[in-house]
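Structural features, examined
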Number of protein chains: 2
Amino acid sequence: MARGRVTRLTACDVRFPTSLGAHGSDAMHTDPDYSTAYVTLETDAEDGLKGYGITFTLGKGTEVVVCAVNALAPHVLNKDLGDIVGDFRGFYRQLTSDSQLRWIGPEKGVVHLATAAILNAVWDLWAKQEGKDPRTLSSCIDFRYISDVLTEEEACEILQKNQAGKKEREAQMLTQGYPAYTTSCAWLGYSDDRLKQLCTEALKGGWTRFKVKVGADMQDDVRRCGLIRDMIGPEKTLMMDANQRWDVPEAVEWMARLAEFKPLWIEEPTSPDDILGHAAISRALAPLGIGVATGEQCHNRVIFKQLLQARALQFLQIDSCRLGSVNENLSVLLMAKKFGIPVCPHAGGVGLCELVQHLIIFDFISVSASLENRMCEYVDHLHEHFKYPVLIQKACYLPPKDAGYSTEMKEESVKKYQYPDGDVWRKLLAAQGK
Amino acid sequence: MARGRVTRLTACDVRFPTSLGAHGSDAMHTDPDYSTAYVTLETDAEDGLKGYGITFTLGKGTEVVVCAVNALAPHVLNKDLGDIVGDFRGFYRQLTSDSQLRWIGPEKGVVHLATAAILNAVWDLWAKQEGKDPRTLSSCIDFRYISDVLTEEEACEILQKNQAGKKEREAQMLTQGYPAYTTSCAWLGYSDDRLKQLCTEALKGGWTRFKVKVGADMQDDVRRCGLIRDMIGPEKTLMMDANQRWDVPEAVEWMARLAEFKPLWIEEPTSPDDILGHAAISRALAPLGIGVATGEQCHNRVIFKQLLQARALQFLQIDSCRLGSVNENLSVLLMAKKFGIPVCPHAGGVGLCELVQHLIIFDFISVSASLENRMCEYVDHLHEHFKYPVLIQKACYLPPKDAGYSTEMKEESVKKYQYPDGDVWRKLLAAQGK
C-alpha cells in the first residue's frame, strides 16, 4: 500500500553549463546547457522516503517550468499518496485538465513538462515504497483521445499475453542488458579530431551503433558522415539526426545525398508537429532503405497516435520527461506494439538515461517481447550527479536494481549547480559580468 | 520608418474574476477567470508611443506566461524597432528558435503564448508609428515547415491578385462591417432562464447567428439546443461547441443525436492535436450537413497546415493570441485561401475581439475577398477595460479607426485587476481566506 500524505513539494532550477564544451550541440540547439526542473516530494509517512522527479530542459526557460510546477502544486499537496495511485488515471486527468491551467497547454509545452516532473516524482516515491513494479498498469493510463486506436481492453490483453515468456526475458535482461547506441561521439559542435578520438574509444568499448548530428551544412555533413562510416566500417549501424532543421522537400533532398552512408534512420527531419510531413518523408525515403525516427519533441500521446496511424515513422522515440511520465509513456508503448513499430527511446540530457531504462526494459519484458530493430539511446554525460546512475555493460543497459525511478540527484550537485545561486553559476555569471 | 530602441518591456498578470458569474464556462473549462499576460513596450523615440500586447489566459498559469515573457525579453530589449520590423521574419525566427528556450515549446504552449504577447505589442507599436497597415507582409512570415504547402511566391501572388476590388471591399467594410456571431447567450453554466433572456435580447439586437456550448451531458444538450433552436427559428444559424470534450467515435455519435437541431458546425469535437481525428469526424458528419470547426487551441501554423491538407475542417478558427501574432496568422490566412476554407476566427476572452477584428477585416480585403460562409465570433465581455474597444453595429464588427492593434487597456483596469495585488483580487482572496 502506498503510504503518506504529501506535505511538501519543492522545485529546483538545476543547470549544467554543458554549452562550454559543445556537448549536446546540434543543428537547432547550438549551445544547450543541460538542465532540469528537479522536483522533490515529501510525505508525513514514517518511512521518511522522498520522491524525486525531473524534467529535462536546455538552460534558459527552466525557471518557467519551475513556475509551472508551482502552479500545479495545489493538485498534489495534502493529497494522500494512496488516493493518488489508487485512482492514478483520475489524478493524471486532474493535473492535465485543470479548468484554468489547461488553456496554456493543453498537454503540451511547459505545463506538460511540469506535469512530467511531478508525476516522475510520484512514480519514484511509489516504486520505492512498493519495492517492485505496480500491477495495475492500465488503470494509470488516461485513454482520452486515443480510444479510437487503443481501448483499455486491448491494453490489458497485450499485457496479459506477455505473461508468457516474462521470466525468460527478465533473466535475459539481467545477464545481457538492453542494447544501446551512442550519441556521444558526434555532436555537431565537435571537431573532426575529437569525433575520431571519441569514435575510436567507443569502438574499443564495444559500441556497434552510432548516431551523428546533421542538418546545418551539407558539405560538413558529407565529410563527417563519411568520416564516421569509414571508422566504424560497413557492418556497424549508423543513424543520423537533423533535430528538425528541414522543411519536408528539403529533408528528402538532403537525405538522398546522405544515403550513400547507409543510415538506418533519419531522426527529426522536420517539425515534430508535422505528422503528414513525416509520412511524406517516410514514403520518399523507403526506397533508399532509410527509416524515419521521431518523438523526443512529440508533445503527447495524441501526436504519437497519429504518427502511427499515418505510418509516418519506422522507429518511435518516446521521451521520459516530455510525455506525462510512466502513465502516458505506457499508452505510447502499447500503441506502438499494436502497430508493430519498434520503440527506440530518446535519452541523454540530464537523467534521461536513468529514467528511460525502466521504460524500455519494461517494454521488452511486458509489451514488445522483442529486441528486433530496437535499441536505446545512450549519452555519457552527467551521470555522476545521480545517486543511482545507469550501468552500461558491453554497450547494453543493465537493469537498475535499486527501488524507485533512479531520479534522485546528489545533494551536493543540486546545491552546486542551482541556478543562479549555486557556486558554479555564481562564478560563471560573475565572469560574464552578469 | 519604425522609430526607437526598445528600452523597457514589462509584463503584467491581469485577471478578471469571470468565474463568479459562469461567464465563459464550457464542457472543459468550468470556471475560467478571463485573464491576460499584458505586455508593454517602451522605446527611446521622441514620439513617446508605447506598444501594448496581450495573450489570453484563463486565470491560473498567467504567472507562468509572464515568466516566459520575461525569459524572452532579452531578445527584444535594446533592439531597434526599425531592425525588428526590417527583418521581421528573422526576428520571429529568433524568438521562436532560441537554442535553449525552444526545448520547452517548440512554438507551442506557454512560450508560444508569450511570443504572441510580445509580437502583438510590436505590431501595436509599429502600426501606431506608421499610422497604416504595413506593406511588406509576406516578409514577416516564417515559412519554415510550411513551404511544402505555401511558398513565399504563392503568398505574394495571392496578395497581389487581390489588389483588384480592394477599394470596394474597404468601402463595404466601412459601411456594413464584418459579420459576427454571438457566443454570449449560451455558456454551459447559464440557467435556461438566463439563456432565454439573453437570446431574446440578442434577437432584438439584430443577431442572426448563435453558438451554444455542448458536450458535458447529452440530456442537457438536447434540452438547451432545442430551446435555442425554438427561440431563433429554423432560418437563423446555430453553431455548437464541445471544447474538446469527446473522443473521435463519441463525437460522431453525440453529433448524430444533435443533428436534428441543424447546427452549421461542431467546434472542437476532440483534441486540438488530432488532425486525423478531425478528418474522420468531418467525413462522418458530412452526410448530416454538419461541418467541423477548430483552431482556438491549435498551437501553430504546422497544425493548421495539416488540418487543411487532411481536409479535417470546414471552418478554420484562427486565434490572435495563441499563434505568433500577425506574422503567423498571416501564414494561416493565406493557406486557408489556397485550400478554399473559410476563416471564422475565435474571439471573446479578454481583448480577443479587439485584436481579431484587424485580422479578419484584412482577410476579407486582401486575402479571401469573400464573405461566403464567413463570420467572426463576438462575446460581449470586458470591452470596457480597453481604450479602443470594438464597435458592433447590427451584428457586425465596424473597422477600427484608431492606429495600432487596439490592445491598450485602461490604466485603472490594469491596476485594479492585477493579480494578486490589485484591489479586486485582494478583496476576493481575503474573502476566500487566502
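Counting restarts for each chain: residues are numbered from 1 in the order of the written sequence. For naming, the first written chain is A and the first written ligand is 1, with later ones following in the order written. Side-chain atom pairs in this predicted model are given and counted only at pLDDT of 80 or more, local residue features only at pLDDT of at least 70, and totals for whole chains, interfaces and linings cover all residues. Computation of side-chain values covers all heavy atoms of the structure but excludes hydrogens and water.

Residues and elements named next belong to chain A. Helix and strand definitions follow DSSP, with helices as H or I runs of at least four residues and strands as E runs of at least two, each counted in order from the N terminus. By the secondary structure assignment, Arg-93 is in helix α3 (residues 88-96). By relative accessible area, Arg-93 is classed as partly exposed at 29%. In this structure the C-alpha to C-alpha distance between Arg-93 and Lys-338, which are 245 residues apart in sequence, comes to 24 Å. Setting aside residues up to four positions removed in sequence, Arg-93 forms contacts with Asp-142 and Arg-144. Think of it in three bands: with a 1.4 Å probe and only protein chains considered, a residue is buried below 20% of the maximum accessible area for its type, exposed above 50%, and partly exposed in between. The contact criterion used is simple: two residues touch if any of their non-hydrogen atoms lie within 4.5 Å.

Turning our attention to the packing of helix α12 (residues 325-339) of chain B against helix α13 (residues 352-368) of chain B. All names here are of chain B. Here the axes come from fitting lines to C-alpha atoms, over the contacting stretch only for helices, and the angles between their N-to-C directions go from 0 to 180 degrees. Closest axis-to-axis distance for the α12/α13 pair is 11 Å, and the angle between their directions is 45°. Looking at the two axes, α12 sits oblique to α13. Where α12 crosses over α13, the two elements pack in a sense that is right-handed. Contacts from Val-326, Asn-329, Leu-330, Leu-333, Leu-334 and Lys-337 in α12 reach Leu-359, Phe-362, Asp-363, Val-367 and Ser-368 in α13. As a working rule, the residues Ala, Val, Leu, Ile, Met, Phe, Trp, Tyr, Cys and Pro are called nonpolar, Asp, Glu, Lys and Arg charged, and the rest polar, with Gly in that last group. Residue composition of the contact of α12 with α13, grouped by class: seven nonpolar, two polar and two charged. Here the angle decides the label: under 35 degrees means roughly parallel, over 145 means roughly antiparallel, 65 to 115 means roughly perpendicular, and every other value means oblique. Crossing handedness follows the turn of the near helix against the far one: under a right angle anticlockwise gives a left-handed crossing, and clockwise gives a right-handed one.

The copies are overlaid by a least-squares fit using only the C-alpha atoms of residues whose pLDDT is at least 70 in both copies. Once chain A is rotated about the relating axis by 180° and shifted along it by 0.0 Å, it coincides with chain B to within an RMSD of 0.0 Å. Those values place the two copies in the arrangement expected of a two-fold rotation axis. Identified as the residue of chain A closest to the rotation axis by C-alpha distance is A:Gly109, at 2.4 Å. A shared interface surface links the copies, since 100% of the contact residues of chain A are contact residues in chain B too.

A few words on the pattern of salt bridges. Here, a salt bridge means any Lys or Arg side-chain nitrogen found within 4 Å of an Asp or Glu carboxyl oxygen. A complete count under the given rule lists 50 salt bridges over all chains for this structure. Here A:Lys60 ties to B:Asp98 by a salt bridge, and the two come within 2.6 Å at their closest N and O atoms. Within this pair, whereas A:Lys60 is found in the loop between β3 (50-57) and α1 (62-72), its partner B:Asp98 is found in the loop between α3 (88-96) and α4 (109-130), the two belonging to separate chains. Of the residues examined, A:Lys60 reaches a relative accessible area of 33% and is grouped as partly exposed. Two residues, B:Glu260 and B:Arg257, come together in a salt bridge whose shortest N-O distance is 2.8 Å. A single network of salt bridges, built from pairs that share partners, joins A:Lys211, A:Lys213, A:Asp241, A:Glu267 and A:Glu377.

Here the focus is the sheet that holds β3(A). Residues and elements named next belong to chain A. Strands were regarded as paired on the criterion that DSSP finds at least two bridges between them. An order of β1-β2-β3 is seen for the three strands of this open sheet, with the pairing classed as antiparallel. Two strands close off the open sheet at either side, each with one partner strand: β1 (6-15) and β3. Looking at each pair of strands side by side, their axes are set apart by 15° on average, direction ignored. Alignment of strand β2 (residues 35-43) against β3, held across eight bridges, turns out to be antiparallel. Following the sheet pairing, Ser-35 is matched in β3 by Thr-57.

Take the packing of helix α4 (residues 109-130) of chain A against helix α12 (residues 325-339) of chain A next. Residue and element names in this part refer to chain A. Put simply, α4 and α12 touch, their axes get as near as 7 Å, and they point 100° apart. Considering the angle they form, α4 stands roughly perpendicular to α12. Each of His-112, Ala-116, Leu-119, Asn-120 and Trp-123 in α4 lies in contact with α12, whose residues at this interface are Ser-325, Val-326, Asn-327 and Glu-328. In terms of residue class, the contact of α4 with α12 is made up of four nonpolar, four polar and one charged.

Time to look at the domain arrangement of chain A. Residues and elements named next belong to chain A. Where each domain begins and ends is defined by an automated method or by a domain database. For chain A, the assigned domains read domain 1 (6-149) and domain 2 (152-411). Relative placement of domain 1 and domain 2: their C-alpha centres are 22 Å apart. Taken together, the contact pairs 49 residues of domain 1 with 56 residues of domain 2. Accessible area that two parts lose when put together, with a 1.4 Å probe and added across both, is what the buried area reports. Between domain 1 and domain 2 lies a buried interface of about 4,300 Å² when both sides are counted; carbon and sulfur atoms form 64% of it. Between Asp-148 and Lys-305 there is a salt bridge; the shortest N-O distance is 3.0 Å. Where the side of domain 1 that touches domain 2 is concerned, the elements lending two or more residues are β2, β3, α3 and α4. With nine residues, α4 is the largest single contributor of residues to the side of domain 1 that touches domain 2. For the side of domain 1 that touches domain 2, a count of residues per class yields 25 nonpolar, 14 polar and ten charged.

Looking now at the pairing of strand β5 (residues 209-213) of chain A. Residues and elements named next belong to chain A. Burial analysis of β5 places four of its five residues in the buried class, the great majority of the element. Of the pairings in the sheet, the one linking strand β4 (residues 178-186) to β5 comprises two bridges and is parallel in character. Each residue of the ladder has a partner; that of Ala-186, found in β5, is Val-212. Consider the strands pointing away from the viewer: the crossover is right-handed when the path from the first strand over the helix to the second runs clockwise. Regarding topology, helix α7 (residues 192-204) serves as the crossover connection from β4 to the parallel β5, and that connection is right-handed. By the bridge criterion, five bridges tie β5 to strand β6 (residues 237-241) in an arrangement that is parallel. Bridge pairing in β6 links Arg-209 to Thr-237. This β-α-β element, β5 to helix α8 (residues 218-232) to β6, shows right-handed connectivity.

The next point concerns the interface of chain A and chain B. Counting residues at the interface gives 63 residues for chain A, matched by 63 residues for chain B. Around 5,300 Å² of area is buried between chain A and chain B when both sides are counted, 55% of it from carbon and sulfur atoms. Taken together, the links from chain A to chain B amount to six salt bridges. Residue B:Asp273 pairs with A:Lys108 through a salt bridge whose shortest N-O separation is 2.9 Å. We define a polar contact as two N or O atoms separated by no more than 3.5 Å, with the added condition that, inside protein, one atom must be a possible hydrogen donor and the other a possible acceptor, whereas residues neighbouring each other in sequence contribute only through side-chain atom pairs. Where chain A packs against chain B, one counts 44 residue pairs in polar contact (both at pLDDT 80 or more). Going through the elements one at a time, β3, α1, α4, α9 (248-258), α10 (275-285) and α11 (301-309) of chain A are the ones with two or more residues in the side of chain A that touches chain B.

What follows is about the packing of aromatic side chains. All names here are of chain B. The pairing test for Phe, Tyr and Trp rings, Trp by its six-membered ring, is centres within 6.5 Å, and the orientation test on the planes gives stacked under 30 degrees, edge-to-face over 60, and tilted for anything in between. According to the stated counting rule, one finds 28 aromatic pairs over all chains in the structure shown. Considering the side-chain rings of Phe-16 and Tyr-417, the 4.4 Å spacing of their centres and the 45° angle between planes classify their relative orientation as tilted. Taken as a pair, Phe-16 in the loop between β1 (6-15) and β2 (35-43) and Tyr-417 in helix α14 (residues 411-417) lie far apart in primary sequence, 401 residues in all. The pair Phe-16 / Tyr-417 is uniform in exposure class, with both members buried. Centre to centre, the rings of Trp-207 and Tyr-378 are 5.6 Å apart; their planes meet at 10°, and the pair counts as stacked. With Trp-207 in the loop between α7 (192-204) and β5 (209-213) and Tyr-378 in strand β10 (residues 376-378), this pair connects stretches of sequence that are 171 residues apart.

To continue, consider helix α10 (residues 275-285) of chain B. Every buried residue belonging to α10(B) is among B:Ile275, B:Gly277, B:His278, B:Ala279, B:Ile281, B:Ser282 and B:Leu285, and all of these are buried. In this structure, the buried residues of α10(B) make contact with α10 and α11 of chain A together with α9 (248-258), β7 (265-267), β8 (291-294) and α11 (301-309) of chain B. The opening residue of α10(B), the one whose side-chain oxygen lies 2.8 Å from the backbone nitrogen of B:Gly277, is B:Asp274.

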